[in-house]
Amino acid sequence: MGHRELIESLRKDGEETINRQWNEVKAEAEEIDAETSRRIRDLKEKYQKVQKAAAEKEEELILSGVKNRAHLIKLSAERSLSERFFPLALSCLPELRGSGYMDMFSRLVKELPHIQWKDVRVAPQDVEIAQEHFPDSHCIPDDTISGGLEVFRDDGRVSIANTFEKRLEKAWEDLLPLLISSMYNEVSVHELSSKP
């Protein structure tokens with residue numbers, strides 16, 4: 001083999017080696033790219049899951065806070081309504097003094113124990129009827145009573161309030177939820193009718 005042929009053979013072998021190595025490097029680079037892409041994809045998926053979980057947790061915390069705040073606002077509004085409703089209800093008590101009031105007063109008297117009462121407090125317009133029921137007692141007009149009566153014993157230890165005000169006060173715990181529920185229903189009906 002001549003000198004030229006040897007150089008040509010070496011060049012050819014060198015090119016083949018270079019091509020083979022280049023192909024190996026390209027294949028390895030493609031594998032690295034594929035592995036890198038897979039790792040990046042896996043990291044993105046993992047990050048998205050972590051991010052989604054964190055966002056859901058944050059959303060839960062926010063919603064929980066909003067629900068708690070809404071509950072507190074509702075309780076505050078209901079307390080405020082109670083504070084407004086009670087004086088309104090008290091102001092309506094004189095309306096109970098309609099045509100059947102004399103019978104109602106008599107029923108209230110009959111609910112009392114049959115003992116001697118020293119003092120009987122009543123609305124100013126009920127002094128005469130109270131004297132009929134309690135002839136031996138001192139009947140005291142009281143502007144704060146709209147109907148019914150309050151009685152006291154000699155020793156002052158026993159007193160019974162059977163007034164409209166006291167009955168409202170005792171029933172208020174049962175009446176208030178009904179009033180608030182009725183108000184919520186009225187507001188809901190109003191909201192539905194005002195929507196286009």
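Predicted, not measured: the structure shown is a model, and the values here were computed from it. (Residues numbered from 1 in each chain as written. Predicted model: local features only at pLDDT ≥ 70, side-chain atom pairs only at ≥ 80, totals over all residues. Heavy atoms only, no water.)

### Considering the packing of aromatic side chains
Okay, step 1: Scanning the entire structure with this criterion turns up 3 aromatic pairs.
Okay, step 2: Judged by centre distance (5.1 Å) and plane angle (75°), the rings of phenylalanine 86 and tryptophan 172 are edge-to-face. Here tryptophan 172 lies in helix 4 (residues 164–194) and phenylalanine 86 lies in helix 1 (residues 3–92), a separation of 86 residues in the sequence.
Okay, step 3: Ring geometry for tyrosine 101 and phenylalanine 164: centres 5.8 Å apart, planes at 90°, overall edge-to-face. One end of the pair, tyrosine 101, is in helix 2 (residues 101–110); the other, phenylalanine 164, is in helix 4, and 63 residues separate them in sequence. (Phe/Tyr/Trp six-rings, centres within 6.5 Å; stacked < 30°, edge-to-face > 60°. Helix = DSSP H or I, 4+ residues; strand = E, 2+ residues; numbered from the N terminus.)

### A few points about the pattern of salt bridges
Okay, step 1: Within the structure shown, the criterion is met by 9 salt bridges.
Okay, step 2: The residue arginine 38 makes a salt bridge to glutamate 35 at a minimum N-O spacing of 2.4 Å. Of the two residues, arginine 38 and glutamate 35 are both situated in helix 1; the distance of 3 residues between them amounts to about one turn of the helix.
Okay, step 3: Owing to a relative accessible area of 34%, arginine 38 belongs among the partly exposed residues under this scheme. (Salt bridge = Lys/Arg side-chain N within 4 Å of Asp/Glu carboxyl O. Buried < 20%, exposed > 50% of the residue type's maximum accessible area, 1.4 Å probe, protein only.)

### Digging into the side chain of aspartate 142
Okay, step 1: Inspection of the secondary structure assignment puts aspartate 142 in the loop between strand 2 (138–141) and strand 3 (148–152).
Okay, step 2: For aspartate 142, a relative accessible area of 12% gives the class buried.
Okay, step 3: Within the structure, the side chain of aspartate 142 is placed 2.5 Å from the side chain of arginine 121, a separation counted as a polar contact.
Okay, step 4: Within the structure, the side chain of aspartate 142 is placed 2.6 Å from the side chain of threonine 144, a separation counted as a polar contact.
Okay, step 5: When neighbours within four sequence positions are excluded, aspartate 142 is seen to be in contact with Arg121, Val122, Ala123 and Pro124. (Polar contact = N/O pair within 3.5 Å; in protein donor to acceptor, adjacent residues only side chain to side chain. Contact = heavy atoms within 4.5 Å.)

### Comments concerning helix 2
Side chains of residues three or four places apart in an α-helix project in the same direction, reflecting 3.6 residues per turn.
Okay, step 1: Listing the buried residues of helix 2 in full gives Tyr101, Phe105, Ser106, Leu108 and Val109. Here the buried residues of helix 2 occupy an arc of 160° about the axis, which is enough to place them on one side. Across from the buried face of helix 2, at angles greater than 90 degrees, the exposed residues are Asp103 and Lys110. (Arc of directions from axis to C-beta.)

### Quick word on the sheet that holds strand 1 (residues 119–122)
Okay, step 1: Read across the open sheet, the 4 strands follow the order 2-1-3-4; overall the sheet is mixed. The two strands at the open ends of the sheet, each matched to only one other strand, are strand 2 and strand 4 (159–163). Direction aside, the axes of adjacent strands within the sheet are offset by 20° on average.
Okay, step 2: Helix-sheet contacts for helix 2 involve strand 1, strand 3 and strand 4, and the interaxial angle to strand 3 is about 30°. (Pairing = 2+ DSSP bridges. Axes fitted to C-alpha atoms, helices over the stretch in contact; angles between N-to-C directions.)

### Remarks on the nonpolar core
It is characteristic of soluble globular proteins that their nonpolar side chains tend to be buried jointly.
Okay, step 1: Counting 22 residues, the largest nonpolar core has Phe105, Val120, Val122, Phe134, Leu149 and Val151 as its most contacted members.
Okay, step 2: Contributions of two or more residues to this core are made by helix 2, strand 1, helix 3 (127–133), strand 3 and helix 4.
Okay, step 3: No other element matches the 5 residues that helix 4 contributes to this core. (Core = buried A, V, L, I, M, F, W, Y, C linked by side-chain atoms within 4.5 Å.)

### A few points about a nonpolar patch on the surface
Okay, step 1: On the surface, Leu175, Leu178 and Leu179 cluster together into a nonpolar patch covering about 260 Å² of accessible area.
Okay, step 2: Examined against the element boundaries, leucine 178 turns out to sit in helix 4.
Okay, step 3: The class for leucine 178 is exposed, based on a relative accessible area of 59%. (Patch = residues over 30% accessible without salt bridge, like charges linked within 9 Å, V, L, I, M, F, W, Y side chains within 5 Å. Areas by Shrake-Rupley, 256 points an atom, 1.4 Å probe, with all protein chains shown as cover.)

### Quick look at the side chain of threonine 163
Okay, step 1: You can see threonine 163 is positioned in strand 4.
Okay, step 2: On the basis of relative accessibility, which here comes to 5%, the residue threonine 163 falls in the buried class.
Okay, step 3: Apart from residues no more than four positions distant in its own chain, threonine 163 is found in contact with Ile145, Gly147, Gly148, Leu149 and Glu150.

### Details of a negative patch on the surface
Okay, step 1: On the surface, Glu24, Glu28, Glu30, Glu31 and Asp33 cluster together to form a negatively charged patch.
Okay, step 2: Along the chain, the position of aspartate 33 falls in helix 1. (Lys, Arg positive; Asp, Glu negative; His and termini not counted. Charge placed at Lys NZ, Arg CZ, Asp CG, Glu CD.)

These values are about where atoms sit, not about what they do.
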